[in-house]
Amino acid sequence: MYELNASEDRREGLDELLVVDCDVHVHESPGALIPYIDRRWRPSLELIKDYPETHSYLNTPGFSGGGTGQGDGPMFPSGSPGPRVVSTPEAMRSELSAIKVDIGILFPDHLLKLALHQNPDYALALSRAYNAWLVEQWCDPSKGLLGVIIACPQEPEEAAREIAKYANDPRIVGVYLPTAGIHPLWGDRRYHPIFRACEEAGLPAILHSVTVITQNFPYNLGDFDTGLAVHGLAHPLAIMANLTSMVTSGIPVRFPNLIVVATEAGITWVPFLMNRLDKEYVERRREVPFLKERPSYYLKRWYYSTQPIEEPADLRQMALIIQAFDGEDNIVFASDWPHHDFDHPMKVDQIPLSPPVRRKIMGENALRLFKLDRTGARLEQ
Amino acid sequence: VTDRERVEHRVGGIDEFPAGTHKVVKVGRLREIGVFNIDGKLYALPNLCPHQTGPLCQGRVTGAVEAAANDRGTWDFEWVMQGEVITCPWHQLEFHVPTGRCLAFPHLKVRSYEVVVDGGDVRVRI
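A few points on the structure.

1. Thoughts on the packing of aromatic side chains
All names here are of chain A.
Part 1 of the argument: On inspection of all chains with the given rule, the structure shows 13 aromatic pairs over all chains.
Part 2 of the argument: Plain terms: the ring middles of Phe107 and Tyr176 are 5.8 Å apart, the flat faces sit at 70° to each other, and that makes the pair edge-to-face. Linking Phe107 in strand β2 (residues 103-107) with Tyr176 in strand β4 (residues 172-178), this pair joins segments that are 69 residues apart in sequence.
Part 3 of the argument: Among the residues examined, Phe107 registers a relative accessible area of 0% and is labelled buried.

Following this line, the structure appears as structure tokens:
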């Protein structure tokens, strides 16, 4: 299945291959959300609508505040012209086409930090405004641009109503679970209404983190001197913590039809986490008697997106890692366009995979995950 | 391809490449080349990053940091090679223009094209 030169059928070029990109970011400036937010919060967005974003990327007070731990050290002149953002669906369509992506799943920029908001009413209002704005301004199945709505973790019952509202909208294909700085972790019972709503709507729940230094998990990232260390561990630790929390609190048993997706953490840690939790399970099953199988049994039902794909010099190692967790049906391509650490599909495409496995990972698994046909139309439930 | 078989392609007049600047030129139908003028000497590199095919030469030219260990147990940072380092705009991978050497991966080098200045013409040998 994984050999080089597998010749059971033709290996089409990236241009011909269906590429579904499970993580693309739109740019929601505070000003853009003003017409969509509850009128009580308009003055708060008016105040920050002209806040310069170039030098404080995703760090706008009252919108996406909180330290990132990355821009706080010394700065060096670099080739970077500043953060890349995409502000219109037309630009997004053409930029995704330039990197060979056919269908893109849209996530926010600033509101990656939604879980850090201390005022739950404001967080809820921001999430609702963003959802309405995204659906109205961005999503267009005919352009291959589909959205995920934000589930506000501060207000799970209200978030569940929001999910039900968009359940049958052809422009929405999933529910984004803000993961950076989330407290308590997503396995907590307070979030059950969100998972129940996802199950009823048939929408996958998607963990997506961003680099932050908070008092919540993984809080001691602030011990490092460099952005390399902080950013290197922030995403995978956040994802591993939340998946572990969900499995060990029995989420996959209580919500057997819930599909969870891990994004922006790469994939090489997946076999580590599965093997590690399985090892603990041998000794500690009595703490988790609701699990009927080992933890990896449940983790293998869920999905893992590729970006930032690890790049060992010998890419055959990646094929072996994919094989190590039976990942060929559960890995979905993601670019993270337009962020600084985005992946061009060519890099995932360099992993030596057979043509059928390559098709699954680059697009077909995502069609099944998001219940889409090849044109981006949502299939009937 | 031996050196004798290389073909010279005119990429512009010398006035189009002032010292301290760089730009990307097209050679033939598909090939894009970054031409750099560093202190009056011209260099040419492919506009293609070996990492993920990014448009390498459309990045900015700066210097780079290097570090030496000191007796205090920390590192003395130094800003070096000012005006000689091109950074890919996609993922910030740095290359030393005069040698094509990648700063992050010592084994990695991009191709350097020979640049010929003949009268007012600038040509690259490919």
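2. Thoughts on the side chain of Asp336 of chain A
All names here are of chain A.
Part 1 of the argument: As for its position among the elements, Asp336 is in the loop between β8 (331-332) and α12 (345-349).
Part 2 of the argument: The charged side chain of Asp336 is buried without a salt bridge, its nearest counter-charge being Arg84 at 8.4 Å.
Part 3 of the argument: Within the structure, the side chain of Asp336 is placed 2.9 Å from the side chain of His25, a separation counted as a polar contact.

3. Structural notes on the sheet that holds strand β3 (residues 145-150) of chain A
All names here are of chain A.
Part 1 of the argument: Strand order in this open sheet of 8 strands is β1-β2-β3-β4-β5-β6-β7-β8, and the pairing throughout is parallel. Both edges of this open sheet fall to β1 (20-25) and β8, since each of them pairs with a single strand only.
Part 2 of the argument: As paired elements, strand β6 (residues 260-262) and strand β7 (residues 303-305) share 2 bridges and run parallel to each other. Following the sheet pairing, Ala262 is matched in β7 by Tyr304.
Part 3 of the argument: Contacting β2, β3 and β4, helix α4 (residues 120-137) runs over the sheet at an angle of about 170° to β3.

4. As for helix α7 (residues 227-248) of chain A
Part 1 of the argument: Here α7 of chain A contains 22 residues, and its C-alpha end-to-end distance of 31 Å stays within 8% of the 32 Å for a straight helix at 1.5 Å per residue.
Part 2 of the argument: For α7 of chain A, the principal kink sits at Ala234 of chain A and spans about 30°; a proline, Pro236 of chain A, occurs within the next four residues.

5. So, the interface of chain B and chain A
Part 1 of the argument: At the junction of the two partners, chain B supplies 13 residues and chain A supplies 15 residues.
Part 2 of the argument: Buried surface at the junction of chain B and chain A, both sides included, amounts to about 1,300 Å², of which 56% is carbon and sulfur.
Part 3 of the argument: It is Gln52, Arg60 and Trp90 of chain B that lose the most area in chain B upon contact with chain A, and together they represent 40% of the buried surface on that side.
Part 4 of the argument: The interface formed by chain B and chain A includes 0 salt bridges.
Part 5 of the argument: Taken together, the elements giving at least two residues each to the side of chain B that touches chain A come down to β5 (61-69) and β6 (75-87) of chain B.
Part 6 of the argument: Per-element accounting of the side of chain B that touches chain A gives the leading share, 3 residues, to β6 of chain B.
Part 7 of the argument: Residue composition of the side of chain B that touches chain A, by class: 5 nonpolar, 7 polar and 1 charged.

6. Brief notes about the side chain of Thr60 of chain A
Residue and element names in this part refer to chain A.
Part 1 of the argument: If you trace the backbone, Thr60 turns up in the loop between α2 (42-48) and α3 (89-98).
Part 2 of the argument: By relative accessible area, which is 1% here, Thr60 ends up buried.
Part 3 of the argument: Aside from chain neighbours lying at most four places away, what touches Thr60 is Pro30, Ile48, Tyr51, Glu53, Gly65 and His110.

7. As for the nonpolar core
Soluble globular proteins tend to bury their nonpolar side chains together.
Part 1 of the argument: Ranked by internal contacts, the top residues of the largest apolar core, which has 139 residues, are Leu243 and Tyr304 of chain A.
Part 2 of the argument: For this core, the element with the most residues is α4 of chain A, which contributes 10 residues.
Part 3 of the argument: Counting residues in each nonpolar core, the second largest holds 13 residues, with Val27, Val115, Val124 and Ile126 of chain B among its members.

8. Structural notes on the sheet that holds strand β1 (residues 8-13) of chain B
Residue and element names in this part refer to chain B.
Part 1 of the argument: Taking strand neighbours across the sheet as the criterion, the 3 strands line up as β1-β10-β9 in an open arrangement whose pairing is antiparallel. Across the chains shown, the open sheet's two edge strands, defined by having one partner strand only, are β1 and β9 (114-118). Across the sheet, the mean angle from the axis of one strand to that of its neighbour is 30°, orientation sign disregarded.
Part 2 of the argument: Bridge count between β1 and strand β10 (residues 121-125): 5 bridges; the pairing is antiparallel.

9. Brief notes about α4 of chain A
Residues and elements named next belong to chain A.
Part 1 of the argument: With 18 residues, α4 extends 25 Å between its outermost C-alpha atoms, agreeing within 8% with the 26 Å of an ideal straight helix rising 1.5 Å per residue.
Part 2 of the argument: Turning to α4, its buried residues number three or more, namely Tyr122, Ala123, Leu124, Ala125, Leu126, Ser127, Ala129, Tyr130, Asn131, Trp133, Leu134 and Val135.
Part 3 of the argument: Tucked inside the fold, the buried residues of α4 contact α1 (30-33), α2, β2, β3, α5 (156-165) and β4.
Part 4 of the argument: Near the N-terminus of α4, the side chain that reaches the backbone nitrogen of Asp121, with its oxygen 2.9 Å away, is that of Asn119.

10. Let's talk about the state of the cysteines
Disulfide: a covalent bond formed between the sulfur atoms of two cysteine residues.
Part 1 of the argument: Using the criterion set out here, one finds 0 disulfides over all chains in the structure.
Part 2 of the argument: The closest cysteine sulfur to the non-disulfide-bonded Cys139 of chain A is located on Cys22 of chain A, 15 Å from its own sulfur.
Part 3 of the argument: For Cys139 of chain A, a relative accessible area of 8% puts it in the buried group.
Part 4 of the argument: Left unpaired, Cys57 of chain B is separated from the closest cysteine sulfur, that of Cys88 of chain B, by 8.9 Å.

Analysis parameters
- Residue positions within a chain follow its written sequence, with the count starting from 1.
- By the order in which they are written, chains take letters starting at A while ligands take numbers starting at 1.
- For this predicted model, a pLDDT threshold of at least 70 governs which residues receive local features, and a threshold of 80 or more governs which side-chain atom pairs are given and counted, while totals over whole chains, interfaces and linings are taken from all residues.
- The side-chain quantities take in all heavy atoms of the structure and omit both hydrogens and water.
- Here a Phe, Tyr or Trp ring, Trp counted by its six-membered ring, pairs with any other such ring whose centre lies within 6.5 Å, and the pair is stacked when the planes are under 30 degrees apart, edge-to-face when over 60, and tilted otherwise.
- Strands here mean DSSP runs of E at least two residues long; helices mean DSSP runs of H or I at least four residues long; both are numbered from the N terminus.
- When a residue's accessible area, from a 1.4 Å probe over protein chains only, is under 20% of the maximum for its type it is buried; when over 50% it is exposed; and in between it is partly exposed.
- Note that His is not counted, nor are the chain ends; the positive residues are Lys and Arg, and the negative ones are Asp and Glu.
- By definition here, a salt bridge exists when the distance from a side-chain nitrogen of Lys or Arg to a carboxyl oxygen of Asp or Glu is within 4 Å.
- As used in this structure description, the phrase polar contact means that two N or O atoms lie within 3.5 Å; if the pair is within protein, one of them must be able to donate a hydrogen and the other to accept it, and residues adjacent in sequence are counted only when both atoms belong to side chains.
- Think of it this way: DSSP has to see at least two bridges between two strands before they count as a pair.
- In what follows, a contact means two residues having at least one pair of non-hydrogen atoms within 4.5 Å.
- Between N-to-C directions, angles cover 0 to 180 degrees, with each direction set by a line fitted to C-alpha atoms, over the stretch in contact for helices.
- Each residue after the first adds 1.5 Å to the expected span of a helix.
- Bend, at a single residue, is the angle you get between axes fitted to the 7 residues ending at that residue and the 7 residues starting at it.
- Computed with a 1.4 Å rolling probe, the buried area is the accessible surface lost when two parts are put together, summed over both parts.
- Under the scheme applied here, ten amino acids are nonpolar (Ala, Val, Leu, Ile, Met, Phe, Trp, Tyr, Cys and Pro), four are charged (Asp, Glu, Lys and Arg), and all others, including Gly, are polar.
- Nonpolar core, defined: a set of buried Ala, Val, Leu, Ile, Met, Phe, Trp, Tyr and Cys residues in which side-chain atoms within 4.5 Å join the residues together.
- Sulfur atoms of two cysteines make up a disulfide when they are within 2.5 Å.

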